[in-house]
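Report on the structure
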Amino acid sequence: MKAAGFALRALPRDLRSREMRVLAMALAVAVGALTAVGFFTDRVDRAMGQRATTLIGADLVLESDDPIPAEWDERARGEGLQTSGFVTFPTVAATEAGSELTSVKAVGTDYPLRGEVLLSGSPYGEERPARGIPEPGTAWLDPRLFARLDVELGDRIQVGERDLRIAASIAQEPDRSGSLFQLAPRLMFNRADLESTGLISEASRFDDHLLVAGNPDSLERFRAWIDANARPGLEVQGVENARPEMRAALERARAFLGLAAIMAVILAGAAVAVAAHSLAAREADASALLRCFGAHQRLVVTTLLLRLSVIGVLASAVGIGIGWLAQNGLVTLVGAWFGDALPPPSLRPVGVGFAAGLITLVGFGLVPVMRIRRVPVMRVLQHSATTPEPSALAALGLAVAALAVLVFYQASDPALARWILLGTLGMLLVLGLAAAGLVRLVGRLRGRAVSGWRFGLANLARRPRTSTVQMVGFGLGLLALLLLAVVRVDVLEAWRNDVPPDAPNQFMVNVQPDDVEAVKARLRDAGIEPAGFYPMIRGRLRAINDDEIDPEAFAEGRARRLVEREFNLSWAERHRPENEIVAGEWWSDPAERERPALSVEEGIADVLGVETGDRLTFDVAGDEVTGEVTNLRRVQWDSFKVNFFVLTTPDMLDGAPATWITSYYAPPDSRSAVDALVREFPGVTVLNVEQILEQVRSIIRQGTRAVEYVFIFTVLAGIVVLVAAVQASRDERRVEIALLRTLGASRGRVRSILGAEFLALGALAGLIAASGAALTGWAVTDRVLNLPYHFNPWLFVLGVGGGGLGIALAGLLATRPLLGERPLAVLRRG
Amino acid sequence: MGDDSATILKASNLTRRVGGPDTGLTILDAIALEVPRGEAVAVLGPSGSGKSTLLGLLAGLDAPSAGDVELFGQSLSALDEDGRAALRAGRVGFVFQSFQLVPGLSALENVMLPLELADRSDVAATAQAALEQVGLGARLRHRPNELSGGEQQRVALARAFAPDPQLLFADEPTGNLDGRTGAAVIDRLFELREERGTTLVLVTHDEAVARRCDRRLRMDDGRLTEAVA
């Protein structure tokens, strides 16, 4: 109680205190950065959840190879849920020009419940959202079918016993999964026409689907009921993740945002530590006095901790306010990712903000401030009685622990979090050691310096501990600024180049081996340079080592779907440099290519539990082929180039039936040439990925801007560190300056001494910071983002030059009022 | 607790050394001292003679290298720092050479501080009365940096006397004041002491101030001797 009273009374004073202000600013910046990103990612997550539902066309899809009982539909409606449905089956559609195997989708009213179907007036033409479902008596066709069946809009097509009019070309179906290559071209018509086709009977093979959407509680109840009443053959599909390309880009954007926020927190933490240290020094007299008057140590410590908590809570609240405002800016920058409206954020980031403020305060401030416990009470009589410094190890340990909590929470990726932590620790260690080394070196060299420099450098060397701490502080601040000025541009540029303007926007599949040369020639004539032609062979995975594949043994989801479907296999002689080998070795030696060997993508290897040395057996057109996995590859799926999960040595698939695949960038004016090519080679299928490509590009474009925006917090934190570091030595300098003035130094002379000291401090800190920035740039680019790194020599020019001049200027400005103080008054005060 | 005994403060064999056994320096050398209740004792001596160190040890602000201090009949060596602080609370007052007011607090709040620590009731009224007694009734809300040196030392006097301590330690109370202001502060200090019968241990190098005390001791080279009048 008493402590609370004291703390409350100290509040007005604390609000005016320089140390508390720096501390509060640092906390507000840290919490602001974290909550801005927190609020924003919270909203994005919610939008992603909603968006993912558009990928299955509903919130929940029930799929069965028997007709779905009407009772289930009624049950869902009874829960207040929306329902729709469709039936799919393969059938041959015919026109006068010929017939083609199609994948029929007979859709019911209200399809789809989530997302929309996009149509165009001609194959690959301008897209528009569909209004409703196909009218009875009409059909919507996959663009590939137009060339293959030689039809146009308005022509008739025969489906079973029914004759349908072609009403549109399908540009996009929300619930068509990523495996575009495996689907026969789509033919969509109204479910009301289904019976008249005569294609559905007891014996025929089809899949019935019930789509359900609505509020989460009702969905959960319905799902529980279904789970209890399910029968064999029923598959329940919930919300799945977005497309892999989009997910990769979004994950990267999120990693960037998280990194930027964490960087602000690290810097703010450094400022908190410096300010807390100064605060403890300033509070030493009052604390000794209280003890002298009979206060328990616990009362003194509790009072100070309470005061810090009050400031911490106030600063965190301000930070959360700033974060809230700032996230609106972020949403404005990237809102277009999800249309205009992002759902409002939850209140979670508010709680996280307060927790983060407290963790930062305790982690970075507690050890420095706790030295108040060791203030000698004799200080009231002998001012020279000094407080022992806190243990650097304890301070670092607690700071690292706090950082670990924040980083692991923010990154939610242990590998990334480990990297950030190790990087920060290493950076602090290197900064500290380099600073200590440089301070010593300066001490040795000062004898050779002249005039103001001699005093200035002597000042640096005389207080090795303070100088080292200041240099680390300045170094961190400058590091942040350099990262922003130079490394950020380099890294973001590398990210932008990830999807270059001429990234492939079309895939061409099903090219017959005999047609490859002719197709290449046609593409070149149209001004298109394909990114390589690759053979593609269908194969079903039969066994891993000696274990036969049983799909039921795999967990539901991706692994089971993989083993149930056919793989697209390909063979290759040479390794493509953009695919990094992460385990084992490529068959570079011609002799190695003669034995059957496999290269597997690391993600799928992980899902299937396959490692190098394992043997995989595939069924390829009735023949079993077995090869040993000799390497695992990392594939950049968002490169939009043709890639395969499994590659073999050329001999292994010799003689297997192959078609060829390529990807290329088709400029807008080459559309008619591509169309003509498809008519000349009707077997060939063109897949347009322009839309996904554009989505990925816009994520990167807006993500870059969002990251730059979050980095404003990092700049602010960097500036707060610089302010804290200058302020830390203010009291000490005040006495020094008074002494120098008393001993007869003119103001100009004192200025030159201070200037020399700050210049040296700044330049040396800049040198360390530039090295740190180069290292961080490399680590982030190469290790975290898997992008190539380029060294930028400007770092050192800006670091040493800018650091020296900037700190000299800031230091002189900060100490300017001290030059005007009367020496006697200062010395009397002590 | 022995509060009623005649001796309020007793030091025996009080020794303070700094540094190692060979290179060390003896600041206080086996000091013995007894201060009866109500007495005013002056400790005289040149700068660096160990006066302030002695004061600190007598008040239990620091621990001696050897020997013991009994304060209100309680041996300080038997207490830890918190125990010593608790023993001082409300019963020991201090006046320092450098005033030692808390910069951010007003004059009134500074005076309230020891009262609150001693869990007294009516803290604000008592503090205000104490300030009025030293002639600062009009400057209750002023902060230390808004007061002159003499006024600051008067606030310190009010703070020292407000809890009505049994024992007051004063360390060169006029050391930072000019002659006239210093004399006024000393006059006020002795008035208050006499009014309340407070025991006083006063460290000074001013013979004139020392002469106002009942007994004068001289510190020389770490040893304490009775001064001859």
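Source: prediction; values computed, not measured.

What counts as what
Residues numbered from 1 in each chain as written. Chains lettered and ligands numbered in written order. Predicted model: local features only at pLDDT ≥ 70, side-chain atom pairs only at ≥ 80, totals over all residues. Heavy atoms only, no water. Helix = DSSP H or I, 4+ residues; strand = E, 2+ residues; numbered from the N terminus. Buried < 20%, exposed > 50% of the residue type's maximum accessible area, 1.4 Å probe, protein only. Contact = heavy atoms within 4.5 Å. Areas by Shrake-Rupley, 256 points an atom, 1.4 Å probe, with all protein chains shown as cover. Polar contact = N/O pair within 3.5 Å; in protein donor to acceptor, adjacent residues only side chain to side chain. Patch = residues over 30% accessible without salt bridge, like charges linked within 9 Å, V, L, I, M, F, W, Y side chains within 5 Å. Salt bridge = Lys/Arg side-chain N within 4 Å of Asp/Glu carboxyl O. Lys, Arg positive; Asp, Glu negative; His and termini not counted. Charge placed at Lys NZ, Arg CZ, Asp CG, Glu CD. pLDDT = per-residue confidence, 0-100. Axes fitted to C-alpha atoms, helices over the stretch in contact; angles between N-to-C directions. Parallel < 35°, antiparallel > 145°, perpendicular 65-115°, else oblique. Pairing = 2+ DSSP bridges. Buried area = accessible area lost by both parts, 1.4 Å probe. Nonpolar A, V, L, I, M, F, W, Y, C, P; charged D, E, K, R; others polar. Left-handed = near helix turned anticlockwise from the far one by under 90°. Phe/Tyr/Trp six-rings, centres within 6.5 Å; stacked < 30°, edge-to-face > 60°. Lys NZ or Arg CZ within 6 Å of the ring centre and 35° of its normal.

Next up on the list: the overall build of chain A. Across its full length, chain A carries 22 helices and 22 strands. Evaluated residue by residue, chain A yields a buried proportion of 52% over its 830 residues. Pairs at least 24 residues apart make up 82% of the contacts formed inside chain A by residues separated by at least 6 positions. When the accessible surface of chain A is summed, it comes to about 36,500 Å², and 56% of that surface belongs to carbon and sulfur atoms.

Another point: the side chain of B:Arg193. All names here are of chain B. The residue Arg 193 is located in helix α6 (residues 179-196) in this model. Judged by relative accessible area, which is 9%, Arg 193 ranks as buried. Of note is the side chain of Arg 193, whose polar atom sits 2.7 Å from the backbone oxygen of Thr 198. In contact with Arg 193, not counting residues within four places along its chain, are Gly 38, Glu 39, Ala 40, Phe 161, Thr 198, Thr 199, Leu 200 and Asp 214.

On to a negative patch on the surface, then. All names here are of chain A. A cluster of acidic side chains, namely Glu 235, Asp 550, Glu 552 and Glu 564, defines a negative patch on the protein surface. Relative to the assigned elements, Glu 235 resides in strand β11 (residues 235-237). For Glu 235, a relative accessible area of 33% gives the class partly exposed.

This part covers the confidence of the model for chain B. Scored by pLDDT, chain B comes out at a mean of 89, with 96% of its residues at no less than 70. The ipTM, which scores confidence in the relative placement of chains, is 0.87 for this predicted complex, and the corresponding pTM is 0.69.

Moving on: the packing of helix α1 (residues 2-16) of chain A against helix α3 (residues 107-117) of chain B. One way to put it is that α1(A) packs onto α3(B) with a least axis distance of 12 Å and a crossing angle of 170 degrees. The orientation of α1(A) with respect to α3(B), classified from their angle, is roughly antiparallel. Of the residues in α3(B), those touching α1(A) at A:Lys2, A:Phe6 and A:Arg9 are B:Glu109, B:Met112, B:Leu113, B:Glu116 and B:Leu117.

Next up on the list: the environment of A:Pro682. Residues and elements named next belong to chain A. Relative to the helices and strands, Pro 682 resides in the loop between α17 (671-680) and β22 (685-688). You can call Pro 682 partly exposed: its relative accessible area is 38%. Taking C-alpha positions, Pro 682 is 9.3 Å from Asp 150, a pair spaced 532 residues apart along the chain.

This next bit is on the pattern of salt bridges. Pairing of side chains with opposite charge becomes possible as their charged atoms draw close. Residues and elements named next belong to chain A. Throughout the structure, instances matching the rule amount to 36 salt bridges over all chains. Of the charged contacts, one joins Arg 191 and Asp 208 as a salt bridge, the two residues approaching to 3.3 Å between their closest N and O atoms. Pair noted here: Arg 191 is in the loop between β9 (186-190) and α5 (194-197) and Asp 208 is in strand β10 (residues 207-213), with a separation of 17 residues, a long-range link. Residue class for Asp 208 comes out buried when judged on its relative accessible area of 6%.

Turning our eyes to something else, we now look at the pairing of strand β21 (residues 659-664) of chain A. All names here are of chain A. Counting buried positions along β21 gives five out of six residues, so the element sits mostly inside the fold. Inspection of the sheet shows strand β12 (residues 506-511) paired to β21 by four bridges, in the antiparallel sense. Counted as the bridge partner of Val 511 is Trp 660 from β21. Where strand β13 (residues 533-544) meets β21, four bridges bridge the pair, whose relative direction is antiparallel. Across the sheet, Phe 533 pairs through a bridge with Thr 662, a residue of β21.

We now examine the interface of chain A and chain B. Listed as interface residues are 22 residues of chain A and, on the opposing side, 29 residues of chain B. When the two sides are added together, the surface that chain A and chain B hide from each other amounts to roughly 2,500 Å², 60% of it contributed by carbon and sulfur. Summed over the shared surface of chain A and chain B, the number is 11 residue pairs in polar contact (both at pLDDT 80 or more). Looking at the side of chain A that touches chain B, the elements that each hand over two or more residues are α1, α7 (244-292) and α8 (297-334) of chain A. Considered class by class, the residues forming the side of chain A that touches chain B number 12 nonpolar, four polar and six charged.

Glancing now at the sheet that holds strand β8 (residues 199-203) of chain B. All names here are of chain B. On the basis of which strands lie adjacent, the open sheet formed by six strands has the order β6-β7-β8-β3-β9-β10 and mixed pairing. With partners counted over all chains shown, the strands left at the sheet margins are β6 (92-95) and β10 (223-226), one partner each. Strand-to-strand, the axes of this sheet are offset by a mean angle of 20 degrees, without reference to chain direction. Bridge analysis of β6 against strand β7 (residues 167-171) gives four bridges, and the strand direction is parallel. The partner of Phe 94 across the bridge, within β7, is Phe 169. Sheet contacts for helix α5 (residues 149-161): β6 and β7; angle to β6, the most-contacted strand, approximately 175 degrees.

This part covers the packing of α5(B) against α6(B). All names here are of chain B. Direction vectors running N to C along α5 and α6 enclose 15 degrees, while the axes themselves pass 10 Å from each other. Looking at the two axes, α5 sits roughly parallel to α6. Crossing hand, α5 versus α6: right-handed. Of α6, the residues touching α5 (which contributes Gly 150, Gln 153, Arg 154, Leu 157 and Phe 161) are Thr 181, Val 185, Arg 188, Leu 189, Leu 192, Arg 193 and Arg 196.

Let us look at a nonpolar patch on the surface. There is a patch of nonpolar side chains on the surface, built from A:Leu15, A:Val310 and A:Leu314 and spanning about 230 Å² of accessible area. On the secondary structure map, A:Leu15 appears in helix α1.

The next point concerns the packing of aromatic side chains. Within this structure, the stated rule accounts for nine aromatic pairs over all chains. Judged by centre distance (6.4 Å) and plane angle (20 degrees), the rings of A:Phe222 and A:Trp225 are stacked. With A:Phe222 and A:Trp225 both in helix α6 (residues 216-229) and three residues apart, the pair spans about one turn of that helix. Neither residue differs from the other here; A:Phe222 and A:Trp225 are each classed as buried. Put simply, the rings of B:Phe94, B:Phe96 and B:Phe169 touch in pairs and so form one group of aromatic residues. Across the ring face of A:Phe86, the terminal group of A:Lys105 is positioned such that the distance to the ring centre comes to 4.4 Å. Stacked on the ring of B:Phe72, the Lys or Arg B:Arg91 has its end atom at 4.4 Å from the ring centre.

Below, the discussion takes up the pairing of β10(A). All names here are of chain A. Among the seven residues in β10, six count as buried, and that is most of the element. Of the pairings in the sheet, the one linking strand β1 (residues 60-64) to β10 comprises five bridges and is antiparallel in character. The residue bridging Ser 64 from the neighbouring strand is Asp 208, located in β10. The sheet contact formed by strand β2 (residues 82-95) and β10 spans seven bridges and is antiparallel. Note that in β10 the partner of Thr 83 across the bridge is Val 212.

This part is about the environment of A:Val87. Residues and elements named next belong to chain A. In this fold, Val 87 is placed in strand β2. By relative accessible area, Val 87 is classed as buried at 3%. Remark: the alpha-carbon pair of Val 87 and Ser 64, spanning 23 residues in sequence, is separated by 9.7 Å. In this structure Val 87 touches Val 104, Lys 105, Ala 106, Arg 191, Leu 194, Ile 200, Phe 206, Asp 207 and Asp 208, once residues within four positions along its chain are discounted.

Turning our attention to the sheet that holds strand β4 (residues 66-71) of chain B. Residues and elements named next belong to chain B. With antiparallel pairing, the four strands of this open sheet are ordered in space as β2-β1-β4-β5. At either end of the open sheet lies a strand with only one pairing partner, and these are β2 (25-36) and β5 (74-75). Of the strand pairs in this sheet, β4 and β5 are connected by two bridges, and their pairing is antiparallel. The residue bridging Leu 71 from the neighbouring strand is Gln 74, located in β5. Contacts between helix α1 (residues 51-58) and the sheet are confined to β1 (7-18), β2 and β4, with β1 contributing the most and set at about 125 degrees to the helix.

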